[in-house]
Amino acid sequence: MSILEKLPSIIRKHQLGSEIKTYQIIQELWSGYGVLARVQTDSHQFVIKQISFPDNVSHPKGHDSLFAHERKVKSYQVEMSFYANYQEHRGISHTPELVAISNETDNYLILEDLQSLGFKPKREISVSEIELCIKWLAGFHYTYLAARPKNLWNTGTYWHLETRPQEFQIMRDGPLKEYAELVDQKLSSANYQTILHGDAKLANFLFSEDRVSAVDFQYCGGGVGVKDLAYFLSSVFNEEELFGSEKEILDLYFHELFCLGAREELIESWRGLYPYAWFDFYRFLAGWSPDHYKINKYIKTQMNKVLDEIN
């Protein structure tokens, strides 16, 4: 039964109206795992993320396996847990409010509709909007400093080494493969840890006139904040812009953390780990999609900084 067929009983169950006025599919979920839709009833407007588990999975990069499927299933459980149990950040780093949840027979997540609050997705953003996202990340990371990721991923982000054995196995021999475990250990054993968004790319931020909100917390979990930061920058800057903006962006991120109350020791630690975060992401790309456009001179420069320090 499709989500549209189930909707009447869902809205009655959660007292979200008696009649569906409009139903609009926002997007299909990755590899056929469900649908994200906007719904308006006679009394409410909300977004529903309905998760279904297909019999046959078709991965666009060919990385199909039971391990990958189980990772995806857990990711939706993690996202439900995040919205149900993590609210402390919302005063400083906005996310949609949870309306209802079901992880029993039907798997769905109902959230307030950010569009109704004036937030919209964007393909390209201004410098001031990039700064809003940097401040969002700093606020989120500060909120959860030293927090243990309960019912989330122990290690956040979808590309960390433990969760990508297939991609690691097929990598070419070289420094990325040789030092992958060392880099992973350095990141995971750092003294200062927080909770990461885990997939902090431009597509997962929505913008109003002077605010930003974030969605998609399937890979939320523990880690050092610069992992989110590096990944976000990879989604908004090209090679030249990464080189040109690095100092300004890092200064802004760490200034925000400092103003919120972060200790100098944390700032020094995470600054030193910034190249390691890029190395870690590069290792993933090299196994997952070795011709990916994000493999550029900037990410190779970060790798070489790590190699110079190690050697």
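Residues numbered from 1 in each chain as written. Predicted model: local features only at pLDDT ≥ 70, side-chain atom pairs only at ≥ 80, totals over all residues. Heavy atoms only, no water.

A.B. asks: Give a detailed account of the overall build of the protein chain, specifying residues and quantitative values.
C.D. replies: Regarding its fold elements, the protein chain presents 10 helices and 10 strands. Compactness check: the protein chain gives a C-alpha radius of gyration of 20 Å against a globular reference of 19 Å for 311 residues, within 12% of the reference. Seen through its principal axes, the protein chain has C-alpha atoms that stretch 65 × 45 × 35 Å. Long-range pairs, those at least 24 residues apart, make up 71% of the contacts in the protein chain with a sequence separation of at least 6. Looking at the protein chain as shown, the accessible area adds up to about 15,200 Å², and 47% of this sits on carbon and sulfur atoms. (Helix = DSSP H or I, 4+ residues; strand = E, 2+ residues; numbered from the N terminus. Rg over C-alpha atoms; globule rule 2.2 N^0.38 Å. Contact = heavy atoms within 4.5 Å. Areas by Shrake-Rupley, 256 points an atom, 1.4 Å probe, with all protein chains shown as cover.)

A.B. asks: Got a sec to walk through the layout of surface pockets? Specific residues and values, please.
C.D. replies: Size it by volume and the second largest pocket reaches roughly 290 Å³. For the second largest pocket, the lining is made up of 13 residues, of which Met 171, Arg 172, Leu 176, Ala 286 and Pro 290 are closest to its centre. When residues of the lining of the second largest pocket are traced back to their parent elements, those giving at least two are helix 5 (175-178) and helix 9 (264-288). It is helix 9 that contributes the most residues to the lining of the second largest pocket, three residues altogether. Taken together, the residues of the lining of the second largest pocket break down into eight nonpolar, two polar and three charged. (1 Å grid on protein atoms, 1.4 Å probe; cavity = no way out; pocket = protein on both sides within 12 Å on 5 of 7 lines; lining within 4 Å. Points joined across faces, edges and corners; volume = space filled by probe spheres on them. Nonpolar A, V, L, I, M, F, W, Y, C, P; charged D, E, K, R; others polar.)

A.B. asks: Kindly report on helix 9, identifying the contributing residues and their values.
C.D. replies: In this model helix 9 runs 36 Å from its N-terminal to its C-terminal C-alpha over 25 residues, within 8% of the 36 Å that 1.5 Å per residue would give. At Tyr 274, helix 9 shows its strongest bend, of approximately 40 degrees, with the proline Pro 275 following within four residues. For helix 9, the buried fraction is high: 18 of the 25 residues fall into the buried class. (Expected span 1.5 Å × (residues − 1). Bend = angle between axes of the 7 residues up to and from the residue. Buried < 20%, exposed > 50% of the residue type's maximum accessible area, 1.4 Å probe, protein only.)

A.B. asks: Go over helix 10 (residues 297-310), please, and point to the residues and values.
C.D. replies: Spanning 14 residues, helix 10 covers 20 Å between terminal C-alpha atoms, matching the ideal 20 Å at 1.5 Å per step. Those residues of helix 10 that fall on the buried side of the exposure criterion are Tyr 298, Ile 299, Gln 302, Met 303, Val 306 and Leu 307. Residues of helix 10 that are buried make contact with helix 5, helix 6 (180-188), helix 8 (239-260) and helix 9. The N-cap of helix 10, judged by a side-chain oxygen 3.0 Å from the amide nitrogen of Tyr 298 a few residues on, is Asn 296. (Polar contact = N/O pair within 3.5 Å; in protein donor to acceptor, adjacent residues only side chain to side chain.)

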